[in-house]
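# Survey of secondary and tertiary structure
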Amino acid sequence: MTSKLPPDLLRLFTPRPPPPYAVPTDCAPDARPRPRIAGIAGYLAQLQAAPRVEPTETPQQRKARVKAERAAHARAAISRAMATWDPALNLNATEDPYKTIIVARLHYDVTEQILRDEFGRFGPIVAVKMVNDMDANFRGYAFIEFERESDMRDAFRAADATRILGRRIVVDVERGRTVNGWLPRRFGAGLGATRRGDKSQNQPAPGRFDPAMPSVARFASSRPRSSSRSALSSHDRRDRPRDRDRERDRDRDRDRDRGRDRHRDYDYDYDKYRDRDRDRDRDRRDYRRKSRSRSPSPRPARRDRDRDYDRDRATTGSSHYSRRY
């Protein structure tokens, strides 16, 4: 087939000469050095002579270590302060501790005159001691001494949980010099329980804390469910199924009333639609009756038409046929 092609086309199908062979510049592929594959027995001596690496501390371990160190440091500082603390040697305290109350959680803008105005209604006040820090900044609590012990008791009962400058205050008797073994809040005691330890020991909401109260009543809001179950009396456990049945019956009655209301609404809707259809049919009949009364008079009967035709023909003297033909 290609022999019949012209020479110029045959030259297009002629193969080209092969490319010349180029000698590799580095070495032949078979003569190239290759890595030798061997076991780890030759590196055993190096592994034994390598220095041993000490394990590092994880972030969780470091956090736990720092927390334990801070707790130990705080306990040591509290122990040293407790060894030298004696409320009877405080020269800035009031004279009679049995006539003194402590007012805590005060607004930082409260002044001595405001406290005298608030607590002066209970009786004459001897002194008001505002507690400040080393920089003369008010710390939020004060001691008030009355002339009579009865006035102090009235203030303790009536002024507790009241508000001064928008903040609810806590009023209590002075316990540092009247209660044996009493420790202030900075030593981990006091009437507050929001900073006694970790989350399982702290009271979640601020409020009065009495160490003489049982733990169930003290941490009623934060106790686990198991402790709340164990704290229930046998009478409460016996009444619980009865209360549960009562609630179930109440829910059943509520569902029954809801279903009755639903059927009542359905009947009301059905009657409303039925009345609407009845009114629509009545309007349609009235419309037809009115339209029929407005229509033109019906055609006369054929008998009447023939009678009129004969009368006209007799009067005019012509007939239908005569006019047509």
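Rules used in this analysis
Residues numbered from 1 in each chain as written. Predicted model: local features only at pLDDT ≥ 70, side-chain atom pairs only at ≥ 80, totals over all residues. Heavy atoms only, no water. Helix = DSSP H or I, 4+ residues; strand = E, 2+ residues; numbered from the N terminus. Buried < 20%, exposed > 50% of the residue type's maximum accessible area, 1.4 Å probe, protein only. Core = buried A, V, L, I, M, F, W, Y, C linked by side-chain atoms within 4.5 Å. Contact = heavy atoms within 4.5 Å. Polar contact = N/O pair within 3.5 Å; in protein donor to acceptor, adjacent residues only side chain to side chain. pLDDT = per-residue confidence, 0-100. Arc of directions from axis to C-beta. Patch = residues over 30% accessible without salt bridge, like charges linked within 9 Å, V, L, I, M, F, W, Y side chains within 5 Å. Areas by Shrake-Rupley, 256 points an atom, 1.4 Å probe, with all protein chains shown as cover. Salt bridge = Lys/Arg side-chain N within 4 Å of Asp/Glu carboxyl O. Pairing = 2+ DSSP bridges. Axes fitted to C-alpha atoms, helices over the stretch in contact; angles between N-to-C directions. Phe/Tyr/Trp six-rings, centres within 6.5 Å; stacked < 30°, edge-to-face > 60°. Lys NZ or Arg CZ within 6 Å of the ring centre and 35° of its normal. 1 Å grid on protein atoms, 1.4 Å probe; cavity = no way out; pocket = protein on both sides within 12 Å on 5 of 7 lines; lining within 4 Å. Points joined across faces, edges and corners; volume = space filled by probe spheres on them. Nonpolar A, V, L, I, M, F, W, Y, C, P; charged D, E, K, R; others polar. Lys, Arg positive; Asp, Glu negative; His and termini not counted.

The subject of this paragraph is the overall build of the protein. Of the regular secondary structure elements, the protein holds 10 helices and 6 strands. The burial tally for the protein puts 15% of its 325 residues in the buried class.

The biggest cluster of nonpolar side chains holds 19 residues, and the ones touching the most others in it are Ile101, Val103, Leu106, Leu115, Phe119, Ile144 and Phe146. Of all the elements, strand β3 (residues 138–146) adds the most residues to this core, at 4 residues. Beyond its immediate sequence surroundings of up to four residues, Phe146 is in contact with Lys99, Ile101, Phe119, Phe122, Gly123, Pro124, Ile125, Val126, Asp151, Met152 and Ala155.

So, on to the side chain of Asp172. Here Asp172 lies in strand β6 (residues 170–173). Within the structure, the side chain of Asp172 is placed 2.6 Å from the side chain of Arg175, a separation counted as a polar contact.

Looking now at the confidence of the model for the protein. Looking at the protein, the pLDDT average stands at 76 and 66% of residues meet or exceed 70. The element-level mean pLDDT for the protein is lowest in helix α7 (residues 225–231), coming to 41, with helix α4 (residues 112–119) highest at 95. Considering only residues more than four positions removed or in separate chains, one finds that residues 214–239, a stretch of pLDDT under 50, has 20 contacts. Taken together, the stretch residues 318–325 has pLDDT below 50 and engages in 5 contacts with residues farther than four places along the chain or on a different chain.

Okay, helix α5 (residues 149–158) next. Residues of α5 that are buried include every one of Asp151, Met152 and Ala155, and no others. Seen along its axis, α5 keeps its buried residues to an arc of 105 degrees; they face one direction. If you follow the buried residues of α5, they end up packed against β1 (100–104), α4, β3 and β6.

On the surface, Leu5, Leu9, Leu10, Leu12 and Phe13 cluster together into a nonpolar patch covering about 480 Å² of accessible area. Here Leu5 lies in the segment before α1 (7–10).

Moving on: the sheet that holds strand β2 (residues 125–132). An order of β2-β3-β1-β6 is seen for the 4 strands of this open sheet, with the pairing classed as antiparallel. This sheet does not close on itself; its edge strands, each paired only once, are β2 and β6. Averaged over neighbouring strand pairs, the angle between their axes works out to 20 degrees when direction is ignored. Bridging between β2 and β3 involves 6 bridges; their strand directions are antiparallel. Its bridge partner lying in β3, Ile125 is registered against Phe146. Along the sheet, α4 contacts β1, β2, β3 and β6; its crossing angle with β2, the most-contacted strand, is approximately 135 degrees. On top of the sheet, α5 reaches β1, β3 and β6; it is set at about 145 degrees to β6, its chief contact.

Under the criterion given, the structure shown has 3 aromatic pairs. A ring pair is formed by Phe119 and Phe122, whose centres lie 6.2 Å apart and whose planes are at 45 degrees; its orientation type is tilted. As far as burial versus exposure is concerned, Phe119 and Phe122 are alike and both buried. Here Arg175 stacks its cationic end above the ring of Trp182, 5.6 Å away from the centre of that ring. It is Arg186 that lies over the ring of Phe187; its NZ or CZ is 5.0 Å from the centre.

When its volume is computed, the largest pocket comes out at roughly 1500 Å³. If you go around the largest pocket, you meet 42 residues; those closest to its centre are Ile102, Tyr141, Phe143, Pro184 and Arg185. Of the residues in the lining of the largest pocket, the class split is 18 nonpolar, 10 polar and 14 charged.

Before going further, it helps to spend a moment on the pattern of salt bridges. By the definition in use, this model includes 8 salt bridges. Taking the shortest distance from any N to any O, the salt bridge between Glu57 and Arg65 comes out at 2.9 Å. For Arg153, the salt bridge goes to Glu149, with nearest N and O atoms at 3.0 Å. Pair noted here: Arg153 and Glu149 are both in helix α5, with a separation of 4 residues, about one helical turn.

Residues other than glycine seldom take positive phi values, yet Ala161 does so here, at roughly 70 degrees. Residue class for Ala161 comes out partly exposed when judged on its relative accessible area of 36%.

For Glu145, the position within the fold is in strand β3. Summary of buried charges: Glu145 has no salt-bridge partner, and the nearest side chain of opposite charge, Lys99, is 6.5 Å away. The contacts of Glu145, once residues within four sequence positions are left out, are Thr94, Glu95, Asp96, Lys99, Thr100, Ile125, Val126 and Ala127.

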